[in-house]
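Chains, contacts and geometry: an overview
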Amino acid sequence: SPFYKYCLPIVSHDVDENERCEIYSEWFKNLFKNEKEITIIDQYIFNGNGYPSLKKWYLPIIDEKSNIKIYTNLNSNKINAEELLNNNAGRNIDIYNCKKMHDRWILADDFSMNIGRGLDFMLENGQTQKTSFTVNEGKNISTIPENAEEFIPESTICEYVSDEER
C-alpha cells in the first residue's frame, strides 16, 4: 500500500473516484491497531451509503476489544443504529445522537482523521468516491459534539443488566 511510506501528519490526501477501497481499508487497519477507543463523528453514518460502509470497511478492521463511540444525527434513521447494536452485542459500541455537527472525524488515542466526505467515501461495491482526508497525531477532542445524548434502543431498555448484577 502506498500509505506505508507516509508519516503523520498527512495533509489533504486526495482520493479519486473508483480507487480500490481495499487500499484504504488496509491502511486504516494499521492506524486502528492497538487503539483502545475509536470515536466516529459523522452525521450521515446511518443514512445512504454510510451504514453499509461502516459495516463492510470499518467495523471489521477495528479491534473487537476497542471501545467504539459513534456521534451522529439519528433523526432520520434509528433502525440502522438499533441493528448495529443488536448485531454487535459482544462489542463495546455507544451511539450518541447529536443535532448540530458538520465535519466528519475518526478519533483515536494516537491520531485524529478528518474525512471530507465522511466514512461513506468507501462504497460497498469496493470503489471509492472523491474526497480528501487529513490525519494528525493526537486525539482532537474539541471535535466531539456538545449536547450529545446516548442512544438506547427501545428493544433493550427493559433487558439492560449491569455488570454488577450478572
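Structure shown above.
Within every chain, residues take consecutive numbers counted from 1 along the sequence as written. This being a predicted model, a pLDDT of at least 70 is required before a residue's local features are given, and a value of 80 or more before pairs of side-chain atoms are given or counted; all residues contribute to the totals for chains, interfaces and linings. Side-chain measures here rest on the full set of heavy atoms in the structure, leaving out hydrogens and waters.

So, the environment of tyrosine 44
Under the scheme used here, helices are H or I runs from DSSP no shorter than 4 residues and strands are E runs no shorter than 2 residues, and both carry numbers assigned from the N terminus. Topologically, tyrosine 44 is positioned in the loop between strand E2 (37–41) and helix H2 (50–58). Burial status follows relative accessibility: with a 1.4 Å probe on protein chains alone, a residue under 20% of its type maximum counts as buried, one over 50% as exposed, and anything between as partly exposed. Accessibility expressed as a relative area gives 40% for tyrosine 44, which makes it partly exposed. Separated by 27 residues in sequence, tyrosine 44 and tyrosine 71 place their C-alpha atoms 9.7 Å apart. Residue contacts follow a heavy-atom distance rule, with two residues in contact if any of their heavy atoms lie within 4.5 Å. When sequence neighbours within four positions are dropped, the list of residues in contact with tyrosine 44 reads Gly50, Thr72 and Arg104. A 3.5 Å cut-off defines polar contacts: any pair of N or O atoms within that distance qualifies, except that in protein one atom must be a possible hydrogen donor and the other a possible acceptor, and neighbouring residues in sequence count only when both atoms are side-chain atoms. Among the polar contacts made by the side chain of tyrosine 44, one reaches the side chain of glutamine 43 at a distance of 3.0 Å.

Brief notes about the side chain of serine 112
As for its placement among the helices and strands, serine 112 is situated in strand E6 (residues 111–115). What makes serine 112 buried here is its relative accessible area of 3%. In terms of polar contacts, serine 112 uses its side chain to reach the backbone amide nitrogen of asparagine 140, at 2.6 Å. Contacts of serine 112, omitting those with residues within four sequence positions, involve Trp105, Ile106, Leu107, Thr134, Val135, Asn136, Gly138, Lys139 and Asn140.

Examining the nonpolar core
To form a nonpolar core, buried Ala, Val, Leu, Ile, Met, Phe, Trp, Tyr and Cys residues must be joined to one another through side-chain atoms within 4.5 Å. Counting residues in each nonpolar core, the largest one holds 38 residues, and the members touching the most others are Phe28, Leu54 and Tyr58. For this core, the leading source of residues is helix H1 (residues 21–32), giving six residues. Leave out the neighbours within four places in its chain, and tyrosine 58 touches Phe28, Phe32, Ser53, Ile106, Ile115, Leu119, Phe121 and Met122. By size, the runner-up hydrophobic cluster in this structure holds seven residues, among which are Ile41, Tyr71, Tyr96 and Leu107.

Concerning the pattern of salt bridges
Note on definitions: salt bridges are taken to be side-chain nitrogens of Lys or Arg within 4 Å of carboxyl oxygens of Asp or Glu. Enumeration over the complete set of coordinates arrives at seven salt bridges. The closest approach of N and O atoms between lysine 139 and glutamate 37, which form a salt bridge, is 2.9 Å. With a gap of 102 residues between them, lysine 139 in the loop between strand E7 (131–137) and strand E8 (149–150) and glutamate 37 in strand E2 connect regions that are remote in the sequence. Residue aspartate 120 is joined to arginine 117 by a salt bridge in which the shortest nitrogen-to-oxygen separation is 3.8 Å. Classification of aspartate 120 as buried rests on a relative accessible area of 13%. Looking at arginine 117, the relative accessible area reads 35%, which means it is partly exposed.

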